[in-house]
Amino acid sequence: MITIRRAENKDILGIMQFMDEHWKPGNVLAKNRDFFEWQFVDEDKLNMFIGIDDDIGKIYGILGVIVYNNSPNPDVSGCTWQVIKSNNPMLGPMLLEHMYVQLNVRYSYAAGLTDNAVRLNELAGYVITEMDHYYRLAERTEYKIATVKQKVIPSVKNTGYSLELIHSAEEMKRIIPQGELSKQLLSKDYSYIEKRYFNHPIYHYDIWKIVDSNGNSHSVLMTREEVMEEYKMCKIVDHYGRMEDLGEIAAALDVLMKEREYEYVDVYSFGIPVEIYEQGGFVRCDTAGENIIPNYFHPFVRKNISLRLVDSGVKGVRLFRGDGDQDRPC
């Protein structure tokens with residue numbers, strides 16, 4: 001008989017094996033227990049739910065989530081949801097329902113749905129949409145990472161905005177207090193932010209305060225450099241604070257790309273008005289277009305990638321590629 005329950009530490013090896021066999025073979029969560037525990041272990045609890053026949057020790061389904069805050073009604077992102085054939089055709093939706101009840105979830109959003117997760121969400125009655133993908137090319141004669149058939153670099157005025165590195169969560173708190181974060185849908189606390197960006201066990205993130213022309217800062221940008229052979233690009237991974245600032249930083253990004261020899265900067269997001277990007281010097285990436293702005297680097301895939309998610313219809317939700325586990329080692 002299949003039991004649906006919150007996973008325990010004794011289940012970790014079995015979950016990792018399930019991931020390797022049925023979810024994404026060879027992925028870091030299936031191969032690196034330290035990274036698995038960094039992502040899913042929360043003090044003495046595991047943010048993973050399983051459908052298991054405990055009599056024979058066989059797992060038939062998993063649902064892992066990232067919890068964004070320690071409130072009684074946390075916001076979460078699901079990041080691993082997979083079921084295999086069993087005598088319970090509703091195992092996938094039942095895992096989701098069990099997670100909601102056990103964690104007392106307020107909102108749950110995740111980007112980068114697999115085909116199987118799309119089917120499960122559609123079965124549960126949800127509407128599927130895609131994240132917006134925008135980029136800005138550096139001015140150069142050739143591109144080795146991106147495939148550029150139509151070179152478009154919108155001209156922008158220098159707004160006087162600049163990017164300045166910060167190095168600790170304490171610095172970020174002075175720009176965006178916890179009270180401001182708590183007002184957001186997908187509300188994150190600094191325990192999550194510090195762990196996710198300042199103390200990531202594998203990736204290095206550059207965390208920038210966006211400084212306006214008066215020397216004031218109202219938002220923070222997370223970026224990460226990606227490399228293909230000796231060529232480099234920059235991913236905007238997350239953003240906190242005043243979203244309009246994203247439309248004011250094109251000149252600052254041009255300076256950054258020149259200094260660090262990036263081919264381009266790109267961003268995946270949901271809930272940011274497209275006018276902000278288009279007025280701010282970014283170009284929309286057409287998934288079927290001639291220009292290719294790669295997202296996957298390990299292994300490198302020269303292809304435009306669509307990141308799908310559930311559109312709940314709730315107004316005010318903002319997601320970036322750093323939400324869930326879209327920006328994790330492969």
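Okay, so let's go over this structure.

**Re the overall build of the protein chain**
In terms of helices and strands, the protein chain carries ten helices and 16 strands. Overall size of the protein chain, expressed as C-alpha extent along the three principal axes, is 65 × 45 × 35 Å. Counting every position in the protein chain, which comprises 330 residues, the buried fraction comes to 53%. Taking all contacts inside the protein chain whose residues are at least 6 apart in sequence as the whole, residues at least 24 apart take part in 70%. As displayed, the protein chain has an accessible area near 15,300 Å², and 47% of this comes from carbon and sulfur atoms. Side-chain charges in the protein chain split into 38 positive and 49 negative, and the spacing between the mean points of these groups amounts to 1 Å.

**Notes on the sheet that holds strand E4 (residues 48-53)**
With respect to topology, four strands assemble into an open sheet ordered E1-E4-E5-E6, the strand pairing being antiparallel. With partners counted over all chains shown, the strands left at the sheet margins are strand E1 (3-6) and strand E6 (76-83), one partner each. In this sheet, adjacent strand axes meet at a mean angle of 15 degrees when their direction is disregarded. As defined by bridge partners, E1 adjoins E4 across four bridges and the pair is classed as antiparallel.

**Structural notes on the nonpolar core**
Residues Ile-15, Met-19, Phe-36, Met-48, Met-172, Ile-193 and Tyr-240 are the most contacted members of the largest nonpolar core, which totals 53 residues. Top element by residues in this core is helix H1 (residues 12-23). It accounts for six residues. The residues contacting Ile-193, other than those within four sequence positions of it, are Met-172, Leu-181, Lys-188, Phe-198, Met-222 and Tyr-240. Among the nonpolar cores identified, the runner-up in size contains 23 residues, and Leu-163, Leu-253, Val-265 and Phe-320 belong to it.

**Some words on the pattern of salt bridges**
Tallying each qualifying case throughout the model produces 22 salt bridges. In this structure, Lys-31 and Asp-20 form a salt bridge, with 2.9 Å as the shortest nitrogen-oxygen distance. On the criterion of sequence distance, the pair formed by Lys-31 in helix H2 (residues 28-31) and Asp-20 in helix H1 is long-range, its members being eleven residues apart. Overall, Asp-20 belongs to the partly exposed group, its relative accessible area being 23%. In this structure, a network of salt bridges that share partners links the residues Arg-5, Asp-11 and Asp-54.

Rules used throughout
Here the residue numbering is sequential within each chain, running from 1 through the sequence in written order. Only residues with pLDDT of at least 70 are given local features in this predicted model, and only at 80 or more are side-chain atom pairs given and counted; all residues enter the totals for whole chains, interfaces and linings. Hydrogens and water molecules were not included; the side-chain quantities draw on all heavy atoms of the structure. Every helix listed is a DSSP run of H or I at least four residues long, and every strand listed is a run of E at least two residues long, numbered separately from the N terminus. Exposure categories follow from relative accessible area, calculated using a 1.4 Å probe and restricted to protein chains: below 20% of the type maximum is buried, above 50% is exposed, and the middle band is partly exposed. Between two residues, a contact is recorded if the distance between any of their heavy atoms is within 4.5 Å. Methods summary: accessible areas were calculated by the Shrake-Rupley approach with a probe of 1.4 Å, and residue burial reflects only the protein chains presented. Positive charges are assigned to Lys and Arg, negative charges to Asp and Glu, while His and the chain termini are left out of the count. A charged residue contributes its charge at one atom only: NZ of Lys, CZ of Arg, CG of Asp or CD of Glu. Two strands make a pair as long as DSSP finds a minimum of two bridges between them. In this analysis an axis means a line fitted to C-alpha atoms, helices contributing only their contacting stretch, and an angle means the value between N-to-C directions, from 0 to 180 degrees. Here, nonpolar core means buried Ala, Val, Leu, Ile, Met, Phe, Trp, Tyr and Cys residues that are tied together by side-chain atoms lying within 4.5 Å of each other. Within this document, salt bridges are pairs made up of a side-chain nitrogen of Lys or Arg and a carboxyl oxygen of Asp or Glu, the two lying within 4 Å of each other.

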